[in-house]
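Now for the letters of each chain:
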Amino acid sequence: MRKLAVLLTLGASLGLMAQEGQKWGVAHVVGDRFDNTSDLKNRIGGGLGAGMWTDNLIGLDLRGIYMPQKSEAGTKSKEIHALVSVMFNLRPGADNWYPYIAVGPGITRAGRGVDSSSYTGKLETVFNYHGGVGLMGRITENLLVQGDVKLMRVDLPNPVDRNELLASLGVGYTWGGRKATPVTVSAPAPAPEPVVVPAPAPAPEPVVVPAPVPEPVPEPVVVKPAPAPEPIKIVLDEATLHFKNGKSDLSPKAVEAIQRVATSIKSYSGDYTIVVGGHTSSVGSLAMNKALSKRRADAVAKVLVDSGVKASAVSTEGYGPDKPIADNATVAGQNKNRRVEIDVNLLGAKAEVREHVVGLEEAPVAAAPKAKVKAKSKKK
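Residues numbered from 1 in each chain as written. Predicted model: local features only at pLDDT ≥ 70, side-chain atom pairs only at ≥ 80, totals over all residues. Heavy atoms only, no water.

1. A closer look at the pattern of salt bridges
Argument step 1. A full pass over the atoms with the stated rule returns 7 salt bridges.
Argument step 2. A salt bridge links Asp61 to Arg63, with the shortest nitrogen-to-oxygen separation between them at 3.2 Å.
Argument step 3. Connected through salt bridges with shared partners, the residues Asp61, Arg63 and Asp148 form a single ionic network. (Salt bridge = Lys/Arg side-chain N within 4 Å of Asp/Glu carboxyl O.)

2. Here we look at the environment of Tyr66
Argument step 1. If you trace the backbone, Tyr66 turns up in strand β3 (residues 59–70).
Argument step 2. On the basis of relative accessible area, Tyr66 is assigned to the partly exposed category, the value being 45%.
Argument step 3. It is 9.8 Å that separates the C-alpha atoms of Tyr66 and Arg109, two residues lying 43 residues apart in sequence.
Argument step 4. Contacts of Tyr66, omitting those with residues within four sequence positions, involve Gly45, Gly46, Lys78, Glu79 and Ile80. (Helix = DSSP H or I, 4+ residues; strand = E, 2+ residues; numbered from the N terminus. Buried < 20%, exposed > 50% of the residue type's maximum accessible area, 1.4 Å probe, protein only. Contact = heavy atoms within 4.5 Å.)

3. Here we look at the packing of helix α3 (residues 252–266) against helix α4 (residues 286–306)
Argument step 1. Interaxial distance between α3 and α4 falls to 9 Å at its minimum, and their mutual angle equals 55 degrees. Classified by the angle their axes make, α3 and α4 are oblique. In the crossing of α3 with α4, the sense of the turn from one axis to the other is right-handed. Along its contact with α3, which presents Val255, Ile258, Gln259, Val261 and Ala262, the element α4 presents Val300, Val303 and Leu304. (Axes fitted to C-alpha atoms, helices over the stretch in contact; angles between N-to-C directions. Parallel < 35°, antiparallel > 145°, perpendicular 65-115°, else oblique. Left-handed = near helix turned anticlockwise from the far one by under 90°.)

4. Comments concerning a nonpolar patch on the surface
Argument step 1. Together, Trp97, Leu135, Ile139, Leu143 and Val171 give the surface a local cluster of nonpolar side chains, amounting to about 440 Å² of exposed area.
Argument step 2. One can find Ile139 in the loop between β6 (123–138) and β7 (143–154). (Patch = residues over 30% accessible without salt bridge, like charges linked within 9 Å, V, L, I, M, F, W, Y side chains within 5 Å. Areas by Shrake-Rupley, 256 points an atom, 1.4 Å probe, with all protein chains shown as cover.)

5. Quick word on the confidence of the model for the protein
Argument step 1. Chain-level pLDDT for the protein is 76 on average; 69% of the residues reach the 70-or-more range.
Argument step 2. Across the protein, the secondary-structure element scoring lowest on mean pLDDT is strand β13 (residues 356–358), at 40, and the one scoring highest is strand β11 (residues 314–320), at 94.
Argument step 3. When the criterion is pLDDT under 50, residues 1–18 qualifies, and its contacts beyond four places in sequence or with other chains add up to 31 contacts.
Argument step 4. A low-confidence stretch, residues 349–380 stays under pLDDT 50, and its non-local contacts, those more than four residues away or across chains, total 78 contacts. (pLDDT = per-residue confidence, 0-100.)

6. Quick notes on the packing of aromatic side chains
Argument step 1. Applying the stated criterion to the full structure yields 3 aromatic pairs.
Argument step 2. Of the aromatic side chains, those joined through ring pairs into one cluster are Trp24, Trp53 and Tyr98.
Argument step 3. In this structure, Lys310 is placed above the aromatic ring of Tyr272, and the distance from its NZ or CZ to the ring centre is 5.0 Å. (Phe/Tyr/Trp six-rings, centres within 6.5 Å; stacked < 30°, edge-to-face > 60°. Lys NZ or Arg CZ within 6 Å of the ring centre and 35° of its normal.)

7. Brief notes about the side chain of Thr280
Argument step 1. One can find Thr280 in the loop between β10 (271–279) and α4.
Argument step 2. Excluding residues within four positions of it along the chain, Thr280 makes contact with Asn289, Ser293, Gly320, Pro321, Asn337 and Arg338.

8. Description of the environment of Gly134
Argument step 1. Within the secondary structure, Gly134 sits in strand β6.
Argument step 2. Look at Gly134 and you get buried, because its relative accessible area is 13%.
Argument step 3. Not counting chain neighbours up to four residues away, the residues in contact with Gly134 comprise Pro99, Tyr100, Gly147 and Asp148.

9. What about α3?
Argument step 1. With 15 residues, α3 extends 21 Å from end C-alpha to end C-alpha; this agrees with the ideal 21 Å at 1.5 Å per step.
Argument step 2. Where α3 is concerned, the buried positions are Ala254, Ala257, Ile258, Val261, Ala262, Ser264 and Ile265. Considered in projection along α3, the buried side chains sweep an arc of 160 degrees and stay on one side of the axis. Opposite the buried face of α3, at more than 90 degrees from it, the exposed residues are Pro252 and Thr263. (Expected span 1.5 Å × (residues − 1). Arc of directions from axis to C-beta.)

So, in structure tokens, the structure goes:
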């Protein structure tokens, strides 16, 4: 009891940042070791688990475990555990691998009896409570490895309760909860300093002739910097990008359209920054739309960088359905809201601002509207 109380206190104080929205399903190999109050042999079993990080603080893990049992006297039975664990991340900010603490209650069906003489193998349903530590990580984008050790207290209807040590190692599939890719945005160029013209030196006085009256000193000439050009907004709708439903993969025609945008951006002589923003309609859950819009913005940004646009000048945002430009109550409005916007901010007085139009083709989807997208900018 004292050990479990320490684990609960420590787990509650370490609820740190995790991979919000990440889900998983895992198959486990489980080893069971009994304390000295039990006359049962240690066994190997298996289990299935599933879970998710519900927000930036807490995760939930559900697990079912099957363990064959055998007493020293040879009586065979089985033990089945159902565990509900609250998880706390111990390594905030980690990309793929992070340790955690898990605590929670559960239900156990186990054979009755304390020692070889009293063990009958008859199953009893009782409560358990457990706590432990583990490590979770992704080998690839969707391949998950999870291992943990848990101390479990089984409340059996015997003279004494039983402690069990469960060690498990599992491999499974994970999805969702992708982290935003950090993109460095270059700082704007400083404004040019004022140019000051110095006053001319006075003429020397002649020996005989009185000194001439010096000319008045002209005021300093201050060169004001040219006003910064206004941002250019390029909108690519779903008809142009040819995204499949719920996917972020680009078709060859979509790549060609984005490459034409990249060619136009590279023609500017000044510095610039680019924000690629993904948008969706309101159809579907908010979390799904946020993640989908971010992945689509990342896909468009990658084509821009691969086409020669400076990676240091590109950043991405996933807005989901938060910034609609049409009514989501209609199919036509939903199609307009499914878009990717490329905001180009030109920096410095030497940047040339001009209007350009990217010719785009309609996507081969019946519900998608025809669209030609213009990228416009205005001089002040």
